[in-house]
Amino acid sequence: MVFVCLSCVLCVWLSRLILMSKLTKYIPSMFHRRVLLLGVLVIGAFLLLSIRLAWMTLGENGVQSRADAGKRLVRETWLPTVRGTIYDRKGRVLAGDRASYDIAVDYRVLAGQWVYEDRSGNLRGVDFTRYAEILARRYNAEIWDTLGEDQQEAIRASFESALRDRVDAMYQYISDQTGTPIEELLARRDEIVARVSKIKAGYTQRTRQAELDKHAQRGHVPTEDDLKRVERIAAQPIVEEVRAHTLVADVSDEVGFLFIRQGVRKTPLIQRVGDGSGEADGSGGREFLVSILPGLSVVDATTRIYPYKEISVRINRSSFPPPLQADVFETLTEVDIGSMILGSVRPGIQAEDVYRRKQALEYDDLLRARSTTEKGTDRGQYMYNDRIGRSGIERSYEDHLRGLRGVSVENRQTGEAIEIGSTPGLDVHLTLDIMLQARIRAILDPRLGLTRVQSWHHNEEPTMPIGTELDAGVIVLEVATGDILAMVTTPVPPSDGDWTRLGVRSELEKRRYEKIHTPFIHRAIAMPYPPGSVAKAIVLTGAAKYGVYEQGERIEATGYLLPNQPNKYRSWIWKQNPGVTHEMQLGRHPDDIDALMVSSNVFFFTLGRRLGALGITKTYQDFGVGKRYNLGIGYEWGGSIGRFGGPGDGSDLSLDDATLMGIGQGPVTWTPLHAADAFATLARQGYRIKPKLIRDGRAPKATSLDLPAWSVRDALEGLREVVSNVEFGTGRAIKYDEFGAHVPIFNAPGISLWGKTGTATAPAILFDPDEIGDENGPMEPIVVRKGDHSWFVTLVGREGGEPEYAIAVVVDYAGSGGRVSGPINNQIIHALIEEGYLPKVGSEPGEGDQP
């Protein structure tokens, strides 16, 4: 602009100079002075054009201008892609895209108009006859005024006929390629037009009346101009009139891609014939290119499917506890299998999605190299109505699963097209076995009775009468690899929003249900639980590692820890039978193996006290307590040592805290995954492998905890005695009053078993019926749950072999670990047999009676 201004000033100055009287003595002729002035003006104009040209073509502005011009000559069409697939460990598809496309046509074409693209790339609708006249005049401008009316009409008619023929050809092409009869296709078109016309008529009437009501409210009688304005407002197009409508739904990806490719092609509206005079065809000797498929668009209708979301499972009741036992198979259909692991996707872009994608590209070199073109365009960029991971694996592996679009680039000038193919998203392989997951979900289904309060649980709790449904969390871990085979929680929130399936029929019931059952928390990895007595095995190895317990040492087994304080730090046997001690029970003071077998609290109180705050903290930390596993499915509880939100390093623990933590109570929490991880570490002779949910092809990394070998052997021997010692094992059998006998908890043949029960004190749950958000009414909170959590953690393998799988079961507020979680653990072992992880020995009970 500065150069332009200077040029103008220069021209004006020269003009005045030329006309000055002093110039007359050099150029006396007025004619010659005027010629000179004209020359100066011509030079000035040329100078202005040169400066503008230089500004447009040189430097940064030139680069940008050329780029903008290039863009106007190029049409880019993005080609759809598909999301990666999620598989379970056996190759079953857990989540995948069902590729599908809809063939849609702009409503204006369906309604009998032509559509064209304006300079902004937007589609405009126009009447055939009007557009035909515009084209006829434009392409015959030189001769139009010399033609007679009949000739002009003939040319208009030829253009209109060509436009209509192009639309008819498109309908026929859609019919041929999709296999839809042309009659059916046109009938669908007419249905769409009729439906939209009806919607428009209703909208027009309502809008007209609303505008007239505004005048009436003001006491104003509308003038003729007002009425015209009302009609203009009422006649505004509705959304349905300016968008594409589906003519053929759910075509294959092959057909969809064919239409995408054809949709960017153009063809001459009227072929040139003759000598180019324009008289033969009205084209003026020039070709006018139009879309082969006017107004057509291909809608990506790909859906995300979860084939194993609902599974029917046959459960053999013959191995159940006697009160629930039956020589039959029962089939249960479980829904939302693995939904809290896989997660879901959602349509639509949010600002956080764009920001997160930008950050991922910036910091992940591999993602950036895979996703961007040579020009730096992100082929995985988010576009309108994209499906984006909302939760679970779908969210945490969004960049991995996200496919990369292809692009078709057409040169408007030459008609040439270059296509870069789409790249599907990368697949994710889980360690999970979805059928084992489904079986365990069925085992935890209250309909089978294992997760309902039963009389033989002996859990006398007024808030939980007989028949009350119980919530549970389960982990099944492969010892050799750390692979998570199953990770189950109950209940789970209904993915379809139908809470009536869970017995919830009102907002009050829903608030109460969520308070008690916390369905949005995955109990296996995200709920903080006191470890209870299942932690005694790792406390033993920690005491040996940190030098406060020697091999074979026996600890005096009085009924309580502190002299003259029989009501503090008691053993469970003293609590249930005052005056009875484990020394009386065993005929000796227990060593470490005995102490695990009978679950002696006094023994492990002593070890906790010896370890002290620092030692007990290190022991739990060695086994992963205090750290999340980062599985990638959402919120996890990493475990805690000390008060919630505290330093977690043991500095806030007292000696009393350390004493309680010796039996898994006090200020310590973990999850079923921590419990299974700890027992698997013992099974590996003190080598820890971090549990994982994603199979990435890498060998597991084992880290030694440097536990004394004898302590691990003793711990495993004690765990074996828990479930096998007929006289003293606390996890071997259940006494059913109605049968008058002890019945073994575990009844699967051909296995070796190690295990530990646990009963962990839990805080009561209070529910305030009239507390909604920050507002609270006069009603007092009521206790809806209180008591102890029930634990049973086992190691299982082939008979005579080493442990192969770790199973951790916790049931909320259920009381006894042996009586409640034990039978569930037993059924999970049967599920491992049924799914081929453990061998079948003979036939399963009741199996021979089935067809």
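Parameters at a glance
Residues numbered from 1 in each chain as written. Predicted model: local features only at pLDDT ≥ 70, side-chain atom pairs only at ≥ 80, totals over all residues. Heavy atoms only, no water. Core = buried A, V, L, I, M, F, W, Y, C linked by side-chain atoms within 4.5 Å. Buried < 20%, exposed > 50% of the residue type's maximum accessible area, 1.4 Å probe, protein only. Helix = DSSP H or I, 4+ residues; strand = E, 2+ residues; numbered from the N terminus. Contact = heavy atoms within 4.5 Å. Pairing = 2+ DSSP bridges. Axes fitted to C-alpha atoms, helices over the stretch in contact; angles between N-to-C directions. Nonpolar A, V, L, I, M, F, W, Y, C, P; charged D, E, K, R; others polar. Salt bridge = Lys/Arg side-chain N within 4 Å of Asp/Glu carboxyl O. Expected span 1.5 Å × (residues − 1). Parallel < 35°, antiparallel > 145°, perpendicular 65-115°, else oblique. Left-handed = near helix turned anticlockwise from the far one by under 90°. 1 Å grid on protein atoms, 1.4 Å probe; cavity = no way out; pocket = protein on both sides within 12 Å on 5 of 7 lines; lining within 4 Å. Points joined across faces, edges and corners; volume = space filled by probe spheres on them. Phe/Tyr/Trp six-rings, centres within 6.5 Å; stacked < 30°, edge-to-face > 60°. Lys NZ or Arg CZ within 6 Å of the ring centre and 35° of its normal. Arc of directions from axis to C-beta. Polar contact = N/O pair within 3.5 Å; in protein donor to acceptor, adjacent residues only side chain to side chain.

Residues Leu430, Val476, Met487, Tyr620, Leu693 and Ile829 are the most contacted members of the largest nonpolar core, which totals 139 residues. Per-element accounting of this core gives the leading share, nine residues, to helix H21 (residues 601-622). Beyond its immediate stretch of four places on either side in the chain, leucine 430 contacts Ile86, Tyr87, Asp88, Arg89, Leu94, Leu342, Ile393, Leu693, Ile694 and Arg695. Core analysis: the second largest hydrophobic core is formed by 46 residues, Ile155, Val193, Phe259 and Leu269 among them.

Pairing is antiparallel across the open sheet formed by five strands, whose spatial order is E20-E19-E31-E30-E27. Edge positions in the sheet fall to strand E20 (484-490) and strand E27 (751-767), since each has one partner strand and no second. Strand-to-strand, the axes of this sheet are offset by a mean angle of 10°, without reference to chain direction. Pairing analysis gives 15 bridges linking E27 to strand E30 (residues 782-798), with the strands arranged antiparallel. Within E30, the residue paired with glycine 755 across the bridge is threonine 794. The sheet strands contacting helix H24 (residues 709-724) are E27 and E30, and the helix crosses E27 at an angle near 80°.

This part covers the packing of helix H23 (residues 672-683) against H24. Each packed pair of helices is defined by two parameters, the angle between the axes and the distance between the axes. The geometry of H23 relative to H24 is characterised by a closest axis approach of 9 Å and an angle of 115° between their N-to-C directions. Between H23, through Phe679, Leu682 and Ala683, and H24, the contact on the second element is made entirely by Val712, Leu716 and Leu719. The residue makeup of the contact of H23 with H24, split by class, is six nonpolar, no polar and no charged.

Attention now goes to the pairing of strand E26 (residues 741-744). The pairing of strand E25 (residues 733-736) with E26 spans four bridges and is classified as antiparallel. Within the sheet, the bridge partner assigned to tyrosine 736 lies in E26 and is alanine 741. Following E25, the chain reverses through four residues before pairing antiparallel with E26; glycine 740 in that reversal takes a positive phi of roughly 65°.

Once that is clear, we can look at the environment of valine 580. Mapped onto the fold, valine 580 is located in the loop between helix H18 (572-576) and helix H19 (582-586). On the basis of relative accessible area, valine 580 is assigned to the partly exposed category, the value being 29%. Residue contacts for valine 580: discarding those within four places in its chain leaves Ile573 and Trp574.

Any two side chains of opposite charge can pair, given that their charged atoms come close. Following the criterion strictly, the structure yields 57 salt bridges and no others. Residue arginine 720 pairs with glutamate 717 through a salt bridge whose shortest N-O separation is 2.5 Å. Taken together, the positions of arginine 720 and glutamate 717, both in helix H24 and three residues apart, correspond to about one turn of that helix. Because the salt bridges share partners, they merge into one network encompassing Arg83, Asp97, Arg304, Asp386, Arg387, Glu394, Glu398, Arg402 and Arg405.

For the bond from threonine 490 to proline 491, the omega torsion is -5°, close enough to zero to count as cis. Position of proline 491 among the secondary structure elements: in the loop between E20 and helix H16 (507-517). For aspartate 250, which is not a glycine, the phi torsion comes out positive at approximately 60°. Tracing the sequence through the fold places aspartate 250 in strand E7 (residues 244-251). Assessed through its relative accessible area of 39%, aspartate 250 is described here as partly exposed. Non-glycine residue tyrosine 569 carries a positive phi angle of around 55°. With respect to the helices and strands, tyrosine 569 occurs in the loop between helix H17 (536-545) and H18.

Moving on, we get to H24. Taking 1.5 Å of rise per residue, the 16 residues of H24 would be expected to cover 22 Å, and the 23 Å separating its terminal C-alpha atoms lies within 8% of that figure. Three or more residues of H24 are buried, namely Trp710, Ser711, Val712, Asp714, Ala715, Leu716, Gly718, Leu719, Glu721, Val722 and Val723. At its buried positions, H24 is contacted by H17, helix H20 (592-598), H23, E27 and E30.

The contact between helix H6 (residues 149-178) and helix H7 (residues 182-217) brings their axes to 9 Å, and the two run at 120°. By the angle between their directions, the pair H6 and H7 is classed as oblique. Once H6 is placed against H7, the crossing between them reads as right-handed. Along the contact surface, H6 presents Tyr171, Gln172, Ile174 and Ser175, while H7 presents Ile182, Leu185, Leu186 and Arg189.

To continue, consider the side chain of serine 319. For serine 319, the location among the structural elements is in the loop between strand E12 (310-316) and strand E13 (329-335). Those residues within four positions of serine 319 in sequence are excluded, and the remaining contacts are Gln325, Asn747, Asn826, Gln827 and His830.

On to the layout of surface pockets, then. For the second largest pocket, the calculated volume is near 1500 Å³. If you go around the second largest pocket, you meet 48 residues; those closest to its centre are Trp572, Gln576, Thr759, Ser816 and Arg819. At the level of elements, H18, H21, E25, E27, E30 and helix H25 (817-834) are the ones that each hand at least two residues to the lining of the second largest pocket. Ranked by residues supplied to the lining of the second largest pocket, first place goes to E27 with five residues. In terms of residue class, the lining of the second largest pocket is made up of 10 nonpolar, 25 polar and 13 charged.

Evaluation of the coordinates by the stated rule reveals 16 aromatic pairs. Ring geometry for tryptophan 456 against tyrosine 736: centres 5.3 Å apart, planes inclined by 65°, an arrangement best described as edge-to-face. Pair noted here: tryptophan 456 is in the loop between helix H15 (434-443) and strand E19 (472-478) and tyrosine 736 is in strand E25, with a separation of 280 residues, a long-range link. In textbook terms, an aromatic cluster arises when at least three aromatic residues are bridged by ring pairs, as seen for Tyr549, Phe603, Phe604 and Trp710. The side chain of arginine 314 reaches across the aromatic face of phenylalanine 329, ending 4.4 Å from its centre.

Among all positions of helix H8 (residues 224-234), only Asp226, Val230 and Ala234 are buried. Across the axial projection of H8, the buried residues extend over an arc of 75°, all falling on one side. Structural note: H8 exposes Glu224, Asp225 and Arg232 on the side pointing more than 90 degrees away from its buried face. Of the surrounding elements, those touching the buried residues of H8 are H7.

Residue placement: glycine 632 occurs in the loop between H21 and strand E21 (640-641). For glycine 632 and lysine 692, which are 60 residues apart along the polypeptide, the C-alpha to C-alpha distance reads 9.6 Å. Once residues lying within four places of it in the same chain are set aside, the contact partners of glycine 632 are Gly392, Ile393 and Ser396.

This part covers the side chain of arginine 83. By the secondary structure assignment, arginine 83 is in the loop between strand E1 (74-79) and strand E2 (86-87). Engagement of the side chain of arginine 83 in a polar contact is seen with the side chain of glutamate 398, the distance being 2.8 Å. Apart from the residues lying within four places of it in its own chain, the contact partners of arginine 83 are Asp97, Arg304, Val345, Arg387, Gly389, Glu394, Glu398, Leu401, Gly403 and Gly425.

Worth remembering: the numbers are spatial, not functional.
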